[in-house]
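Residues per chain, in single letters:
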Amino acid sequence: QTLREHSHMIFALASHKDTLLSGSYDHTIKLWNLREKFVKTFEWEVDWILVLKVYNDIIFSGSASTIKIWNFEGELLRTLEGHWGWVYSLAVHNDTIISGSMDETIKLWCPMSKEERKRKDAQREKEKARREEEYNRKKEEARREKELRRQKAEKTRKTYEKYTLKKTFKGHSDEVYAIAVHKDLIISGSRDRQIKLCTLTGRFIRTLQGDTAVYALAIHKDTIISGSQDKTIKLWTLEGRCVKSIV
């Protein structure tokens, strides 16, 4: 089966239950229900979509210096700004969003402080009042349907409006292309040919030296699996020893 809806290169894929998600240079995210042959499009007119992740029924996308958080209705819940380069990689670990970028940094995004939440709550209440005035003019049936959607989005927004940039780790000397999380370790791969292991506090504990740029990472049990520019897949121990290379 071949799926053809995008008008440009596809850079990101993710799956969730019976849905395939794709992100493209055509500035859209598409949701494909493969059983019902249904396609839904989220349009973002400014940026290319470079990476997609799904966590707890929420969609995370990376593009030009921003991370965007969506629900499956296509509503943009939050935009996180902090990188100055393209966001190539994303991971979610418990309440922490982890991003890797062209700017050679890994950023951690965590819930905001009480003071920051209070300020955001005030902004949210103002927007809520504006929306209520709008939907009250609509027919009762349409109003009830929209209210249900609003309540669901509001509940989710309260969670993700707590997020702000918590930490920035500087360890790589070039673009960070891949991130994986194993237990309490962040594992990152870069154009600088290195795989680095660091703690959630930002302490780099080990560097695995590759031969070419590292574009992809996966974890299986206690084994690190990397994909590189030289067309090889390598298996590493957490201690930093390369145990197998698949050409």
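Procedures and definitions
All residue numbers here refer to positions counted from 1 along the written sequence of the relevant chain. Local features in a predicted model are, by the rule used here, given only for residues with pLDDT of at least 70; side-chain atom pairs are given and counted only at 80 or more, and totals for whole chains, interfaces and linings are based on all residues. As a rule here, side-chain values come from all non-hydrogen atoms in the structure, and water together with hydrogens is ignored. When DSSP finds at least two bridges between two strands, those strands are taken to pair. Strands here are runs of E lasting at least two residues and helices are runs of H or I lasting at least four, both read from the DSSP assignment and numbered beginning at the N terminus. Every angle, taken between N-to-C directions, lies between 0 and 180 degrees, and every axis is a line fitted to C-alpha atoms, over only the stretch in contact when it is a helix. Counting of polar contacts relies on pairs of N or O atoms within 3.5 Å, with two restrictions inside protein: one atom must be capable of donating a hydrogen and the other of accepting it, and residues adjacent in sequence are counted only when both atoms are side-chain atoms. We call two residues contacting when some pair of their heavy atoms lies within 4.5 Å. Any angle that is under 35 degrees is reported as roughly parallel, and any over 145 degrees as roughly antiparallel; angles of 65 to 115 degrees are reported as roughly perpendicular and all others as oblique. Confidence scores here are pLDDT values: one per residue, from the predictor, ranging 0 to 100. Three labels apply to residues, based on accessible area from a 1.4 Å probe with only protein chains included: buried if under 20% of the type maximum, exposed if over 50%, partly exposed otherwise in between. Multiplying one less than the number of residues by 1.5 Å gives the expected span of a helix. Arc definition: it is the arc formed by the directions from the helix axis to the C-beta atoms. Each reported salt bridge corresponds to a side-chain nitrogen of Lys or Arg within 4 Å of a carboxyl oxygen of Asp or Glu.

Draft legend 1. Focus on the sheet that holds strand β9 (residues 96-101). Across the sheet, seven strands lie side by side as β5-β6-β7-β8-β9-β10-β11; this open sheet has antiparallel pairing. Across the chains shown, the open sheet's two edge strands, defined by having one partner strand only, are β5 (51-55) and β11 (163-169). This sheet shows a mean twist of 25° between the axes of neighbouring strands, independent of strand direction.

Draft legend 2. Seen up close, the sheet that holds strand β16 (residues 214-220). The sheet built from four strands is open, its strands ordered β16-β17-β18-β19 with antiparallel pairing. The sheet is open, and its two edges are formed by β16 and β19 (242-246), each paired on a single side. Shown here is a sheet whose adjacent strand axes are inclined to one another by a mean of 20°, direction ignored.

Draft legend 3. Spatial organisation of the side chain of K107. Of note, K107 is situated in strand β10 (residues 106-111). A distance of 3.1 Å separates the side chain of K107 from the side chain of T168, its partner in a polar contact. In this structure K107 touches G82, H83, I97, I98, S99, L165, K167 and T168, once residues within four positions along its chain are discounted.

Draft legend 4. Quick peek at the environment of K244. Position of K244 relative to the elements: it lies in strand β19. Separated by 19 residues in sequence, K244 and I225 place their C-alpha atoms 9.6 Å apart. Ignoring sequence-local partners within four residues, the contact set of K244 consists of I233, K234 and L235.

Draft legend 5. Broad picture of the packing of helix α1 (residues 114-135) against helix α2 (residues 140-160). For the pair α1 and α2, interaxial distance at closest approach is 11 Å and the crossing angle is 170°. Taken together, the axis directions place α1 and α2 in an arrangement best described as roughly antiparallel. Taking contact as the criterion, the partners of R124, K128, R131, E132, E134 and Y135 in α1 are, on α2, R143, K146, E147, R150, E154, R157 and K158.

Draft legend 6. Local environment of the confidence of the model for the protein. When pLDDT is averaged along the protein, the result is 88, and 96% of the positions lie at 70 or above. Looking at the elements of the protein, mean pLDDT is at its lowest for strand β4 (residues 38-43), recorded as 74, and at its highest for strand β17 (residues 223-228), recorded as 97.

Draft legend 7. The pairing of strand β2 (residues 19-24), seen in detail. Of all six residues in β2, five are buried, a share of seventy percent or more. Of the strand pairs in this sheet, strand β1 (residues 10-16) and β2 are connected by six bridges, and their pairing is antiparallel. Looking across to β2, one finds that A12 is bridged to G23. Between β1 and β2, which pair antiparallel in sequence order, lie two residues; one of them, K17, sits at a positive phi of approximately 55°.

Draft legend 8. Main features of α2. For α2, built from 21 residues, the straight-helix expectation of 30 Å at 1.5 Å per residue is met to within 8% by its first-to-last C-alpha distance of 30 Å. Those residues of α2 lying buried are K146, E147, R150, A153, E154, T156, R157 and Y160. For α2, the secondary structure elements touched by its buried residues are β5, β6 (58-62), β7 (64-70), β8 (76-93), α1 and β11.

Draft legend 9. Looking closely at α1. The end-to-end C-alpha distance of α1, which contains 22 residues, comes to 31 Å, matching closely the 32 Å that a straight helix rising 1.5 Å per residue would cover. Residues of α1 that are buried include every one of R124, R131 and Y135, and no others. Seen end-on, α1 carries its buried residues on one side only, within an arc spanning 30°. Facing away from the buried side of α1, by more than 90 degrees, are the exposed residues E115, K118, K126 and E133.

Draft legend 10. Spotlight on unusual backbone geometry. Although it is not a glycine, S65 adopts a positive phi angle of roughly 70°. Summarising the element assignment, S65 is placed in strand β7.

Draft legend 11. Region of the structure containing the pattern of salt bridges. Counted according to the given criterion, the structure contains 15 salt bridges. Residues E161 and R124 are paired through a salt bridge, measuring 2.6 Å at the closest nitrogen-oxygen approach. One end of the pair, E161, is in the loop between α2 and β11; the other, R124, is in helix α1, with 37 residues separating them in the sequence. Residue class for E161 comes out buried when judged on its relative accessible area of 13%. Among the residues examined, R124 registers a relative accessible area of 8% and is labelled buried. Through salt bridges that share partners, E75, D121, R124, E127, R130, R131, E154, R157 and E161 make up one connected network.

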